[in-house]
Amino acid sequence: MKPLRWLLPMALLTGGPNRLPAFKYEIHNDVITAAFRQAPRAAQVADLDSARSANRNMDLLENDDEKQFQHAMRSRRSRTPEAKLATEQFIQLEMHQALAAARRGDPARAGRHLGRMLHAAQDKKHRWCSCGPGSNPEAADPCSSHPNGCAVEGSGNHNLRDDCGLPLDYLLKPCKSKNFQQCTDAYPLPAQIDQATKESVALLEQFVRQL
Ligand SMILES: [Zn+2]
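Calculation notes
- Residues numbered from 1 in each chain as written.
- Predicted model: local features only at pLDDT ≥ 70, side-chain atom pairs only at ≥ 80, totals over all residues.
- Helix = DSSP H or I, 4+ residues; strand = E, 2+ residues; numbered from the N terminus.
- Buried ≥ 20, exposed ≤ 12 C-beta atoms within 10 Å, placed from the backbone.
- Axes fitted to C-alpha atoms, helices over the stretch in contact; angles between N-to-C directions.
- Parallel < 35°, antiparallel > 145°, perpendicular 65-115°, else oblique.
- Left-handed = near helix turned anticlockwise from the far one by under 90°.
- Contact = placed C-beta atoms within 7 Å.

*Asks:* Quick one: what's the story with the overall build of the chain, residue by residue and with numbers?
*Replies:* A tally of helices and strands in the chain yields eight helices and zero strands. Element order for the chain, N to C, with α for helix and β for strand: α-α-α-α-α-α-α-α. Looking at the chain as a whole, 45% of its 211 residues qualify as buried.

*Asks:* Would you mind going over the packing of helix α2 (residues 25-38) against helix α4 (residues 48-61) in detail, with residue names and values included?
*Replies:* For the pair α2 and α4, the least separation of the axes is 9 Å and the interaxial angle reads 155 degrees. Between α2 and α4, the crossing angle belongs to the class labelled roughly antiparallel. At the point where α2 passes α4, the crossing takes the right-handed sense. When α2 is examined against α4, the residues Tyr 25, His 28, Asn 29, Ile 32, Thr 33 and Phe 36 are found in contact with a partner set consisting of Leu 48, Ala 51, Arg 52, Asn 55, Arg 56 and Asp 59.

*Asks:* I'd like a description of the environment of Met 58, backed by residues and values.
*Replies:* You can see Met 58 is positioned in helix α4. Judged by local crowding, Met 58 falls into the buried class, with 22 C-beta atoms found within 10 Å. Between the C-alpha atoms of Met 58 and His 119, which are 61 residues apart in sequence, the distance is 7.7 Å. Leaving out residues up to four positions away in the same chain, Met 58 has contacts with Gln 70, Arg 116 and His 119.

In structure tokens:
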């Protein structure tokens, strides 16, 4: 096995003060935990720990170029409306599967699907930006360096490689930018956390109403 093949997963999993700036699933997990607390009926039929680990796996294992819609981003050569539609369909499918699991009394599976649904919904702050500056024609827009990210859907990039891989730099030094989009979620604004929490609670309430 080539050194980089094991160095990357090791670096992703070990954490600590020099942990990779990318893939801040801990922030997602804090929001998921807060949302479950505010939707206690959902927490009765779906397992929080399963939701948290499904969320983490979305970032660690499902970040290939063609899966960017799961993170409210665009893959190469995908148009913004298509990517948006794919994100919404993903959220609805996960909701549907969570409901089916909860109705047959499977809290682990229900939690897993809710974790995936909430991850994609919380990622809407990415506004369907691209992975790297060369991924799509609008990807090099300098709006990426604004603390809020890009206002225009489909513009900007996440400072990753154009094929969505992690740049080698990320393995060697922490991201210095205080911009959430350039550090792939390392520095969300309080307003972004609030918005993600509100949307997550709303989705869990929708889930409960349909049980
Ligand atoms: Zn994500």
